[in-house]
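Single-letter residue listing:
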Amino acid sequence: MCKKILFLFLVFFCVNNNYAQEIDSKKHITKIHKIYEKELDLNKSQSKIFKKVLSKYNPKLKKLIDTKASRVEINKLTKLEVLEVYDLLTSEQFKKYKEVRKSLEKNKHYRK
């Protein structure tokens, strides 16, 4: 029983740790961008700007997570990203964005 719990803990730790390590990679940003592009039905202009926003904030977020920055700093950066996306999308697209983001980018939640 203890071995199973330990094993599950290790798997969980490795998965979370790997996600934090890859969120700023170009491959990851491209993958996430393609999903958003499809789910939000972005036009070419929106798509281009959206990818720039991801490329701008993901490395900064990774740096904050890696340095174990305060929740206030992480929340501030996350909020700035959401505001840029809000300005870019229509209201319907933004509603969908919030839904997709919860499942797609779990590291970008607000910390309490």
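Keep in mind that what you see is a predicted model, and the values were worked out from it rather than measured.

Basis of the calculations
Residues numbered from 1 in each chain as written. Predicted model: local features only at pLDDT ≥ 70, side-chain atom pairs only at ≥ 80, totals over all residues. Heavy atoms only, no water. Core = buried A, V, L, I, M, F, W, Y, C linked by side-chain atoms within 4.5 Å. Buried < 20%, exposed > 50% of the residue type's maximum accessible area, 1.4 Å probe, protein only. Helix = DSSP H or I, 4+ residues; strand = E, 2+ residues; numbered from the N terminus. Contact = heavy atoms within 4.5 Å. Phe/Tyr/Trp six-rings, centres within 6.5 Å; stacked < 30°, edge-to-face > 60°. Lys NZ or Arg CZ within 6 Å of the ring centre and 35° of its normal. Axes fitted to C-alpha atoms, helices over the stretch in contact; angles between N-to-C directions. Parallel < 35°, antiparallel > 145°, perpendicular 65-115°, else oblique. Nonpolar A, V, L, I, M, F, W, Y, C, P; charged D, E, K, R; others polar.

**Student:** Which residues make up the nonpolar core, and what are the values?
**Tutor:** Tyr36, Leu40, Phe50, Val85, Leu89 and Tyr97 are the most contacted members of the largest nonpolar core, which has 21 residues in total. Contributions of two or more residues to this core are made by α2 (26-40), α3 (44-66), α4 (71-88) and α5 (91-104). Counting residues per element, this core draws most heavily on α3, which supplies 6 residues. Those residues in contact with Phe50 that lie beyond four places of it in its chain are His33, Tyr36, Leu40, Leu42, Val85, Leu88 and Tyr97.

**Student:** Account for the packing of aromatic side chains, with residues named and values stated.
**Tutor:** If you walk through the whole model with that rule in mind, you get 5 aromatic pairs. Relative to Phe94, the ring of Tyr86 lies with its centre 5.0 Å away and its plane at 85°, an arrangement referred to as edge-to-face. Here a set of aromatic residues connected by ring pairs shows up, and it is made of Tyr36, Phe50, Tyr86, Phe94 and Tyr97. Sitting above the plane of the Tyr57 ring, Lys60 keeps its charged end 5.6 Å from the centroid.

**Student:** So what about the packing of α3 against α4? Which residues, and what values?
**Tutor:** Interhelical geometry of α3 versus α4 gives an angle of 180° and a closest axis separation of 10 Å. On the basis of their axis angle, the class for α3 and α4 is roughly antiparallel. Of the residues in α4, those touching α3 at Gln46, Ile49, Phe50, Val53, Leu54, Lys56, Tyr57, Asn58, Lys60, Leu61, Leu64 and Ile65 are Glu73, Ile74, Leu77, Thr78, Leu80, Glu81, Glu84, Val85 and Leu88. Of the residues belonging to the contact of α3 with α4, the class tally is 13 nonpolar, 3 polar and 5 charged.

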